[in-house]
Structures are given as C-alpha cells and as structure tokens.
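# Examining the three-dimensional arrangement
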Amino acid sequence: LSQKTNWKKVAPAFIIFFLLLVFPPQFEPQNFLSLQRVPGLEQWEQQKVKQELLFFEDSIYGNVSVIHSQGGGRALLTEGKTDASTNMGDMRTQKMIAHIPILLHENPKEVLLIGLGAGFTLQSALTYEGVERVDVVEINPSMVKGADLYFSEFTDNALSNEKTNLILDDGRNYLLYTKEKYDI
C-alpha cells in the first residue's frame, strides 16, 4: 500500500483524537447515573426567578420556548427539554456534529441536517468553502421561528445564508421520498 492510502486510513482517527484533545468532553463521575442532578421543587422555584421566558409557541408538533438566564445564556427547549443552548459545553457538541463528518469527507458539497435546533450545527456546516448546499429538514415551524428570532445573532444568520435550504417536513418521511443524494 502507498503512503497516501495509509494516511487516508489513519486520518479519521487522528482528527477525532485531536478534536478530543482540543474539546475534551465534560464528565462528572459523581453525577453519572445518580439523582443528584434532579432538582427538587425549591430549586425549580429558584430557577424561575433566574430565567426570563423570551419565546413560547405551541403547535401540533409540540411547544417550543426560548429562555434567557441571568448568567447570560440562552436555551431553546422543546416540551421543556433543552435542545440547544449558548452554554459552552452544548456549543461544542452542536458544532462538532457538523465538523467531524465534514472533516472526514474528502469533498463534501451537499449536506443534510435533520433537525434545526438553534442553528449552530447549520452554522458550522456553512463555514466550509466546499459545501455548496445544506438542506435542513425541520418538522416544527415553531422551532424555526424561535431559532430565527433568538439565535440568529449567535449563528451568523445561518438560516438566511444563500446555501441554506430549509425544508419543513418530517425527517424520516423526507428521506423516504427524496431523490436527493447527499455527501453527508
């Protein structure tokens, strides 16, 4: 085998190792599989004071809300569960979802994202010059509205980027009927 072929086999592992060194995962053994992370009623009451509701919309697909914490972070929630936030730990994950597959692909041009969240994965995919189009399939119009109104300033207006193609549909159904082919 040539050196070029060997490099192609080793490169993905090297990239993942490097990314783990630069962005180490946050792990707290004392909280792993414990109830310490489940807040009591008093803690929930205190949280209410520390958070401001910026957006709430209910639809047949579920409710979407955006909250702002006193500490300065924003979070986008679906049915009360955080799906995206400006928290640094969340940001690493949201961005790596795009960076890792794009870095591992030789020439990614067409990218498909299922689920918009706040748009951080979309923003990351758009930073690559070789990427020509990113199709984003999102089932909930309320998610798009919340992300556009309250996260565009953090995502460089990724939804308005000319390479972005927003598709309001169920991701599974879209994959079943589309004739589009994607690199990622």
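Look up a bit, the structure's there.
Take the sheet that holds strand β1 (residues 51-59) next. Judged by pairing direction, the sheet is antiparallel, and its four strands sit side by side in the order β1-β2-β3-β4 without closing on themselves. Looking at strand neighbours, the two that pair on one side only are β1 and β4 (81-85), the edges of this open sheet. Put simply, the sheet's adjacent strands are angled 25 degrees from each other on average, direction ignored. When strand β2 (residues 62-69) meets strand β3 (residues 74-78), the two strands line up antiparallel, connected through five bridges. Bridged to V64 within β3 is T78.

It is worth spelling out helix α5 (residues 141-151) at this point. Residues S142, M143, V144, G146, A147 and F151 constitute the buried set of α5. The distance from a side-chain oxygen at the start of α5 to the backbone nitrogen of S142 is 2.9 Å, and the residue carrying that oxygen is N140.

As enumerated under the stated definition, the model contains seven salt bridges in all. Between R74 and E153 there is a salt bridge; the shortest N-O distance is 3.1 Å. A residue pair is termed long-range when its members are at least 10 positions apart, and R74 in strand β3 and E153 in the loop between α5 and β7 (164-168) qualify at 79 residues. Judged by its relative accessible area of 15%, R74 falls in the buried class. On the basis of relative accessibility, which here comes to 59%, the residue E153 falls in the exposed class. Residue E180 pairs with R133 through a salt bridge whose shortest N-O separation is 3.0 Å.

Grouped burial of nonpolar side chains is what soluble globular proteins tend to show. L76, L113, L116, L122, V134, V136 and F151 are the most contacted members of the largest nonpolar core, which has 24 residues in total. Secondary-structure elements contributing two or more residues to this core are β2, α3 (88-104), β5 (110-114), α4 (120-126), β6 (133-138) and α5. Once you skip the residues sitting within four places of it in the chain, L113 turns out to touch T121, L122, V134, D135, V136 and V137. Residues L112, I167, Y174 and Y182 belong to the second largest nonpolar core, which totals five residues.

Within the fold, E52 resides in strand β1. Once the C-alpha coordinates of E52 and S69 are considered, the two residues, 17 residues apart in sequence, prove to be 6.4 Å apart. If we skip the residues at most four places from it in the chain, E52 touches V66, I67 and H68.

About the criteria used
Residues numbered from 1 in each chain as written. Predicted model: local features only at pLDDT ≥ 70, side-chain atom pairs only at ≥ 80, totals over all residues. Heavy atoms only, no water. Pairing = 2+ DSSP bridges. Helix = DSSP H or I, 4+ residues; strand = E, 2+ residues; numbered from the N terminus. Axes fitted to C-alpha atoms, helices over the stretch in contact; angles between N-to-C directions. Buried < 20%, exposed > 50% of the residue type's maximum accessible area, 1.4 Å probe, protein only. Polar contact = N/O pair within 3.5 Å; in protein donor to acceptor, adjacent residues only side chain to side chain. Salt bridge = Lys/Arg side-chain N within 4 Å of Asp/Glu carboxyl O. Core = buried A, V, L, I, M, F, W, Y, C linked by side-chain atoms within 4.5 Å. Contact = heavy atoms within 4.5 Å.

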